[in-house]
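So the chains spell out like this:
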Amino acid sequence: MAGGNERSMKALKEVWKRAENSLCADCGKPDPDWASSTLGVFICLSCSGIHRNIPSISKVKSLKMDFWDDAQVQFLAKHGNAVTKAIYEAHIPIYYYQPTYNDCQVLREQWIRAKYERKEFTEPGKQLPYSDGVKEGILWKRGRDNGQFLPRKFLLSEREGCLKYFTKQDAKEPKINVKIDVINATFQPEKIGNPNGLQITYLKDNKTRNIFVYHESGKEVVDWFNAIRSVQFHYLKVAFPIASDNEIKNRLTRSFLKEGYMEKTGPKQREAFKKRWFTLDHRRLMYFKDPLDAFAKGEVFVGSGENGYSVQKGLPSGTQGNFSWHYGITIVTPDREYLFTCETESDQLEWIRAFTSVINQAMTPQEYAIEAYFKFKS
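- Under an unreviewed UniProt entry, the name given to the protein is ADAP1 protein, and the source organism is Rhipidura dahli.
- UniProt's Subcellular location (unreviewed entry) comment on the protein is quoted here verbatim: "Cytoplasm".

Structure below.
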């Protein structure tokens, strides 16, 4: 018996160390140490918890702590991540967002359920709830002034190329009508205080407007997210007919590069530093009094190094403004310097890395136009 167990463990380790099984099959996290004995995939601890919630589909076991019999090991050897992905991920729409281990729970759970439970990607041309080019339904939206979440009707239309929402179910005219190409959507469960919280942002008069929504159903809110990406993708395919699918995919919804609190001072650099919530959305650095504000109090354009932008650790000597946090950052632009302070050194270094990643990228023609607008506005 002991010999059989040792043989199974040796065979298990051989399958486990295959290159195809070195990353979690669902989120890509390195060194997965769990597996599904019914699906044949190697997964990380976090994804194994999601699999455990769909026991009719997946039975999970630890590769280190649990016993695997010969039949189970043979099943893993026959399948593994590559074979199983070829079945369950055969026909993923290019616009569908495939989450990583850095993404929130609702995105990862619905990705796993879409693959294995609903089998959304096993057949070509399958009709999907986010691929119709139109989506209508109720989302709970946070009020701009009172902070209350109230049910609002939303309508997404590929034919019209826009997203609308209505304050009343029977309203004929929408409260907003936003072109699809200026919309971004990103999951913000912690900020919104709901595990299914979604932040929708769009440009209005070249200023960013935030809308915060959620739905009780994780599937429904992720369907909305992918429906926005689907409509964006098809809109941009028409607008940029020579662009490749991957080029267009890279222009769909994006996560913010960095968010968090910093202190900032005014342009004279003698005013007291005030605590603000900052969001770095590529080249737009926006700051808010409250993380859930609809509009930013101000925005800073972060250009490229070759155009005179840089980030420096610390504050200029002789800075006069009073500040309570002592880990300074200076953003140098062709027109002025922006001064910020962080609460901790780790925050400071994370912000500097984020700014550096933006500054090191060459600017696109569209970004030159945005820069010109910022200079005109100032």
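A few points about the environment of Ile248
(1) Moving on: Here Ile248 lies in helix H8 (residues 245-249).
(2) Moving on: What makes Ile248 buried here is its relative accessible area of 2%.
(3) Moving on: The spacing of Ile248 and Ile94 is 154 residues in sequence and 9.6 Å in space, taken between C-alpha atoms.
(4) Moving on: Once you skip the residues sitting within four places of it in the chain, Ile248 turns out to touch Phe233, Leu236, Lys237, Phe240 and Ala243.

Side note on the state of the cysteines
(1) Moving on: Per the stated rule, a full pass over the model turns up 0 disulfides.
(2) Moving on: In this model Cys24 remains outside any disulfide bridge; the closest cysteine sulfur is found in Cys27, 3.7 Å from its own.
(3) Moving on: Cysteine Cys104 is unpaired, with the sulfur of Cys47 as its nearest cysteine sulfur at 12 Å.

Description of the sheet that holds strand E9 (residues 198-204)
(1) Moving on: What the 7 strands build is an open sheet, ordered E7-E6-E5-E4-E10-E9-E8; its pairing is antiparallel. Strands with a single pairing partner mark the edges of an open sheet, and in this sheet they are strand E7 (176-179) and strand E8 (183-187). Going across the sheet, the axis of each strand differs from the next one's by a mean of 35°, ignoring polarity.
(2) Moving on: Examined bridge by bridge, strand E6 (residues 162-166) and E7 share 4 bridges and lie antiparallel to one another. Pairing of Lys164 across the sheet is with Asn177, part of E7.

Some points on the UniProt feature "domain: Arf-GAP" (unreviewed entry) in the protein
(1) Moving on: According to UniProt, the feature "domain: Arf-GAP" (unreviewed entry) maps to residues 6-129 in the numbering used here.
(2) Moving on: Between the end C-alpha atoms of residues 6-129 there is a gap of 48 Å, over a span that is 40% helix and 6% strand.

Thresholds, definitions, all that
- Residues numbered from 1 in each chain as written.
- Predicted model: local features only at pLDDT ≥ 70, side-chain atom pairs only at ≥ 80, totals over all residues.
- Heavy atoms only, no water.
- UniProt positions renumbered as here; feature names shortened; annotations may be inferred.
- Helix = DSSP H or I, 4+ residues; strand = E, 2+ residues; numbered from the N terminus.
- Buried < 20%, exposed > 50% of the residue type's maximum accessible area, 1.4 Å probe, protein only.
- Contact = heavy atoms within 4.5 Å.
- Disulfide = S-S within 2.5 Å.
- Pairing = 2+ DSSP bridges.
- Axes fitted to C-alpha atoms, helices over the stretch in contact; angles between N-to-C directions.

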